[in-house]
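Structural characterization, general
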Amino acid sequence: VPRGSGPQPAAAAELKARVQEAVATLEDARIRGSWRDRRHGTVPFRLVLTAKGDVFFHQKGSRGVAGADAGRTITIAYEADRGVQRVVPSAEGTPPVYLERRGVAPGPPDYDLLREIPVKQQIAAVIRALLAADDPAVSETTWRGRDAWRAVIPVQPSRPTYPADVDRLTVIVDRETGLPVQILGTRRGRFVERTDVRRLAVNEGVSPDEFRLRPPLGAEIDRTFDGFRRVTLAQAGAIVGHEPLVPQWLPDGYELAEVAAADRGNNDLGDRWTRDVISLSYRRGFDQLVVTTRRAGGDPSRWSDPLDLGLEEGREPLELTAGALAGSHGELVLEPRELPHLWAVGEGRLLTVAGPLSRDHLLRVAESLEAR
């Protein structure tokens with residue numbers, strides 16, 4: 001094979017296939033590492049993930065916490081099947097605090113755990129950027145004595161979402177697990193940020209107790225309820241007053257993991273978005289696909305993209321041509337720094353479909369909705 005032609009595309013294709021296989025099949029992962037940039041110094045973290053959606057995160061440092069000092073720590077635990085998030089933030093010289101949030105939605109747009117855990121958001125964004133890259137420069141390397149790939153990905157800088165101010169990502173992917181183990185972001189050749197995984201273990205089993213934080217001794221306790229209840233499809237219809245709309249087609253491997261409904265409540269979007277909502281969470285390994293419908297009323301013009309993070313690129317108008325919401329209008333958003341999704345308004349309902357899918361698959365899911 002002539003130098004510079006065959007091996008490079010083959011390596012890129014093999015890398016992408018391995019990463020896709022990993023996120024679709026892994027049952028759990030334990031990650032210990034550190035993150036640093038020019039402002040915060042080195043911040044160590046510990047992250048535990050399961051295919052059920054459970055998350056444990058512990059970090060010491062000020063990354064992502066406005067005005068926090070270097071002595072601040074934060075611990076977050078999320079039980080997906082119960083819809084419970086527990087947070088213990090602490091800083092030297094301040095009383096302990098315990099925050100418990102129950103009845104949260106299974107996923108975006110009503111609840112987005114990624115925004116609260118920067119390193120999880122970064123890993124997800126890097127995986128999307130890697131899989132979306134047309135021709136990443138890929139070479140073989142090693143990571144802690146293990147075979148790995150090194151990929152260089154050009155990125156269009158965009159604020160305020162990751163990778164803000166980064167125009168190039170250099171990513172090392174562990175060949176055995178298919179997960180990123182080093183992420184270097186640069187801007188015009190200058191260092192911006194870097195994440196290093198020191199220890200990585202997958203499919204070793206995780207106890208449910210790891211996601212059940214207890215209040216520290218003497219802590220101030222704050223408990224809230226968002227209004228989403230884990231129910232059956234029939235119960236969801238009774239809560240919101242109409243039959244649920246359920247996709248009749250899903251990409252291979254996705255299975256229904258959670259059904260949640262709220263007639264009224266609180267969420268990350270605000271009160272007006274949380275009226276007669278049904279949220280369906282489908283999972284395939286670490287991948288999650290979330291389909292939501294909610295009451296939209298008679299004025300479609302009052303609604304906008306619920307998952308909008310401020311990026312204008314990658315948007316296209318759409319009209320659904322099939323399914324229960326045929327004729328609905330909205331947008332389809334495919335931009336590596338945002339979660340791929342679509343939204344549409346019609347028949348008095350606002351629909352969102354969000355997950356790591358292609359354009360055709362997002363549309364096919366939306367146009368397969370039928371009342372159940």
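As a starting point, this report considers the structure included with it. From a predicted model like this one, the values you see are computed outputs, not experimental measurements.

1. Remarks on the overall build of the protein chain
Tallying secondary structure elements over the protein chain gives four helices and 22 strands in all. Relative to the globule expectation of 21 Å for 372 residues, the C-alpha radius of gyration of the protein chain, 21 Å, shows essentially globular dimensions. Projecting the C-alpha coordinates of the protein chain onto the three principal axes gives extents of approximately 65 × 60 × 35 Å. Here the protein chain, with 372 residues, has 52% of them falling under the buried criterion. Long-range contacts, defined as pairs at least 24 residues apart, comprise 57% of the intrachain contacts of the protein chain with a sequence gap of at least 6. For the protein chain, the exposed surface amounts to about 17000 Å²; the carbon and sulfur share of it is 47%. Mean positive and mean negative side-chain charge positions of the protein chain (51 and 53 charges, respectively) differ by 5 Å.

2. Section: the pattern of salt bridges
Per the counting criterion, the structure on display carries 26 salt bridges. Between Glu-14 and Arg-175 there is a salt bridge, with the nearest N and O atoms lying 3.2 Å from each other. Placement of the pair is Glu-14 in helix 1 (residues 7-25) and Arg-175 in the loop between strand 9 (168-174) and strand 10 (180-187), with a sequence separation of 161 residues. Taking relative accessible area as the criterion, Glu-14 reaches 42% and is therefore assigned partly exposed.

3. With respect to the packing of aromatic side chains
Counted under the stated rule, the structure contains one aromatic pair. The interplanar angle of 40° and the centroid separation of 5.3 Å between the aromatic rings of Tyr-78 and Tyr-111 together place this pair among those described as tilted. Separated by 33 residues along the polypeptide, Tyr-78 in strand 4 (residues 73-79) and Tyr-111 in the loop between strand 6 (97-102) and helix 2 (118-132) bring together distant segments of the chain. For Tyr-111, a relative accessible area of 2% gives the class buried.

4. What about the pairing of strand 4?
Most of strand 4 sits out of view: seven of its seven residues are buried. Side-chain alternation along strand 4 places Thr-73, Thr-75, Ala-77 and Glu-79 on one buried face and Ile-74, Ile-76 and Tyr-78 on a second face that is also buried. Pairing geometry for strand 3 (residues 55-60) and strand 4, over six bridges, is antiparallel. The residue of strand 4 that forms the bridge with Lys-60 is Thr-73. With seven bridges connecting them, strand 4 and strand 5 (residues 84-90) associate as antiparallel partners. Counterpart to Ala-77 in the pairing with strand 5 is Arg-86. In this antiparallel pair of consecutive strands, strand 4 and strand 5, the connection spans four residues, and Gly-83 shows a positive phi of 65°.

5. Considerations on the nonpolar core
Ranked by internal contacts, the top residues of the largest apolar core, which has 53 residues, are Leu-15, Leu-47, Phe-57, Ile-117 and Leu-169. Counting residues in hydrophobic clusters, the runner-up holds 28 residues, among them Leu-318, Leu-351, Leu-363 and Ala-366.

6. Description of unusual backbone geometry
In this structure, Pro-109 follows Pro-108 across a cis peptide bond, with omega equal to 10°. With respect to the element layout, Pro-109 can be found in the loop between strand 6 and helix 2. Phi at Asn-203 takes a positive value of approximately 55°, unusual for a residue other than glycine. Along the polypeptide, Asn-203 turns up in the loop between strand 11 (190-202) and strand 12 (220-225). What makes Asn-203 partly exposed here is its relative accessible area of 44%.

7. Digging into helix 2
When the terminal C-alpha atoms of helix 2 are compared, their 21 Å separation across 15 residues agrees well with the 21 Å that a helix rising 1.5 Å per residue should span. Of all the positions in helix 2, only Pro-118, Val-119, Gln-122, Ile-123, Ala-125, Val-126, Ile-127, Arg-128, Ala-129 and Leu-130 are classed as buried.

8. Let's talk about the sheet that holds strand 20 (residues 341-346)
The sheet built from eight strands is open, its strands ordered 13-15-16-17-21-20-19-18 with antiparallel pairing. Where the open sheet ends on each side, the last strands, each with one partner, are strand 13 (229-230) and strand 18 (315-319). One ladder, built from two bridges, connects strand 13 with strand 15 (residues 255-264); its direction is antiparallel. Bridging across to strand 15, Arg-229 finds its partner in Ala-261. This element, helix 3 (residues 233-240), spans strand 15 and strand 16 (275-284) of the sheet and lies at about 20° to strand 15.

9. Remarks on helix 3
Every buried residue of helix 3 is listed here: Ala-236, Gly-237 and Val-240. All buried residues of helix 3 lie within an arc of 100° about the axis, which places them on one face of the element. Along helix 3, the residues that are exposed and aim more than 90 degrees away from the buried face are Ala-234 and Ala-238. Looking at the buried side of helix 3, the elements it contacts are strand 15 and strand 16. Following helix 3 by one or two positions, Gly-241 adopts a phi angle in the positive range, close to 90°.

What counts and what doesn't
- Residues numbered from 1 in each chain as written.
- Predicted model: local features only at pLDDT ≥ 70, side-chain atom pairs only at ≥ 80, totals over all residues.
- Heavy atoms only, no water.
- Helix = DSSP H or I, 4+ residues; strand = E, 2+ residues; numbered from the N terminus.
- Rg over C-alpha atoms; globule rule 2.2 N^0.38 Å.
- Buried < 20%, exposed > 50% of the residue type's maximum accessible area, 1.4 Å probe, protein only.
- Contact = heavy atoms within 4.5 Å.
- Areas by Shrake-Rupley, 256 points an atom, 1.4 Å probe, with all protein chains shown as cover.
- Lys, Arg positive; Asp, Glu negative; His and termini not counted.
- Charge placed at Lys NZ, Arg CZ, Asp CG, Glu CD.
- Salt bridge = Lys/Arg side-chain N within 4 Å of Asp/Glu carboxyl O.
- Phe/Tyr/Trp six-rings, centres within 6.5 Å; stacked < 30°, edge-to-face > 60°.
- Pairing = 2+ DSSP bridges.
- Core = buried A, V, L, I, M, F, W, Y, C linked by side-chain atoms within 4.5 Å.
- Expected span 1.5 Å × (residues − 1).
- Axes fitted to C-alpha atoms, helices over the stretch in contact; angles between N-to-C directions.
- Arc of directions from axis to C-beta.

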